[in-house]
Amino acid sequence: MTGALIDRLLDVIEEDIIPKTARGVERGNKLFGAALLRKSDLSLVIAETNNETENPLWHGEVHCLKRFYELPKAGRPDTRELIFLATHEPCSLCLSAITWAGFDNFYYLFSHADSRDSFAIPHDLRILDRCSPCRRAAIVRRTPTGRASRCGGWSASWRTRSG
Ligand SMILES: [Zn+2]
């Protein structure tokens, strides 16, 4: 990552995302935002912010994608030509949305730990923590013959990750 790219991403956060986020926070939304930039010249396509007061699924990233797909299709760039920028490390919902939309990259400024420690928003880490007991439970449910009685996919996934 070049210095010019880092400077541009920080400028977009400061100049394009934060003003929208400040207005969103005044309406009761969280402070997460996102933007899409062209890879070719780092110009801004769209910037958006969390809008969970309208719909709990409108995290900053997903709301940005929603607005992006509301742009006229004729002038809308292919997602493979774009950079995805998020102010905070995307949660599992947003990570899936970014992937399903076809992006081959994403950048973020603050980590999940920053969201918990600096912004008092621990939800992402809690969700990830609660996924781990599911995987462990799948192993516990294995039968004496070694066959998983339930959640076989989870069990196989866990073994793969452990081994
Ligand atoms: Zn999210």
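Above this text is the structure in question.
1. Observations concerning the overall build of the protein
When its secondary structure is counted, the protein shows six helices and four strands. Counting helices and strands in the order they occur from the N terminus, the protein gives α-β-β-α-β-α-β-α-α-α. Per-residue burial for the protein yields a buried fraction of 28% across its 163 residues. Sequence-distant contacts in the protein: of pairs separated by 6 or more residues, those separated by 24 or more amount to 44%.

2. Description of the environment of F110
Mapping F110 onto the fold places it in strand β4 (residues 107-110). Sequence separation between F110 and T87 is 23 residues; the distance between their C-alpha atoms is 6.3 Å. Sequence-distant contacts of F110, defined by excluding residues within four places in its chain, comprise T87, H88, E89 and S115.

3. Some words on the sheet that holds strand β2 (residues 44-49)
Pairing in this open sheet of four strands is mixed, and the strands run β2-β1-β3-β4 from one edge to the other. What marks the edges here is a single partner per strand, and that holds for β2 and β4. When the angles between neighbouring strand axes are averaged without regard to direction, this sheet yields 15°. Relative to β2, strand β1 (residues 33-38) runs antiparallel, the two sharing five bridges.

4. Some details on helix α1 (residues 3-26)
Under the 1.5 Å per step criterion, the end-to-end length of α1 is 33 Å for 24 residues, consistent within 8% with the ideal 34 Å. Largest kink in α1: about 45°, centred on I17, with the proline P19 one to four residues after it. All of the buried residues along α1 are V12, I13, I17, K20, T21 and G24. In this structure, the buried side of α1 is in contact with β1, β2, β3 (82-88) and β4. Among the residues trailing α1, G28 stands out with phi positive, at a value near 100°.

5. Section: the nonpolar core
Formed by 23 residues in total, the largest nonpolar core has its most connected members in V12, A35, L36, L37, F84 and L85. Taken together, the elements giving at least two residues each to this core come down to α1, β1, α2 (60-70), β3 and α3 (92-100). Take this core: its biggest share by element is five residues, from β3. Beyond its immediate chain neighbours, meaning those up to four positions away, L85 contacts L9, V12, A34, A35, L37 and Y107.

6. A few points about the packing of α2 against α3
For any two helices packed against each other, the geometry comes down to the angle between their axes and how far apart the axes lie. At their nearest, the axes of α2 and α3 sit 8 Å apart, and the two run at 30° to each other. Between α2 and α3, the angle is such that the two are roughly parallel. Taken as a pair, α2 and α3 cross one another with a handedness that is left-handed. Here E61, V62 and L65 of α2 lie close against α3, whose contacting residues are L93, C94, A97 and I98. Tallied by class, the residues present in the contact of α2 with α3 amount to six nonpolar, no polar and one charged.

7. Quick word on unusual backbone geometry
Even without being a glycine, L42 presents a positive backbone phi close to 60°. Its location among the elements puts L42 in the loop between β1 and β2.

8. Details of the pairing of β4
Where β3 lies against β4, three bridges are found, and the strand directions are parallel. Counted as the bridge partner of A86 is Y108 from β4. Assessed by its sense of winding, the connection that carries the chain from β3 through α3 to β4 is right-handed.

Each value, and the rule that gives it
- Residues numbered from 1 in each chain as written.
- Predicted model: local features only at pLDDT ≥ 70, side-chain atom pairs only at ≥ 80, totals over all residues.
- Helix = DSSP H or I, 4+ residues; strand = E, 2+ residues; numbered from the N terminus.
- Buried ≥ 20, exposed ≤ 12 C-beta atoms within 10 Å, placed from the backbone.
- Contact = placed C-beta atoms within 7 Å.
- Pairing = 2+ DSSP bridges.
- Axes fitted to C-alpha atoms, helices over the stretch in contact; angles between N-to-C directions.
- Expected span 1.5 Å × (residues − 1).
- Bend = angle between axes of the 7 residues up to and from the residue.
- Core = buried A, V, L, I, M, F, W, Y, C linked by C-beta atoms within 7 Å.
- Parallel < 35°, antiparallel > 145°, perpendicular 65-115°, else oblique.
- Left-handed = near helix turned anticlockwise from the far one by under 90°.
- Nonpolar A, V, L, I, M, F, W, Y, C, P; charged D, E, K, R; others polar.
- Right-handed = clockwise from strand over helix to strand, strands pointing away.

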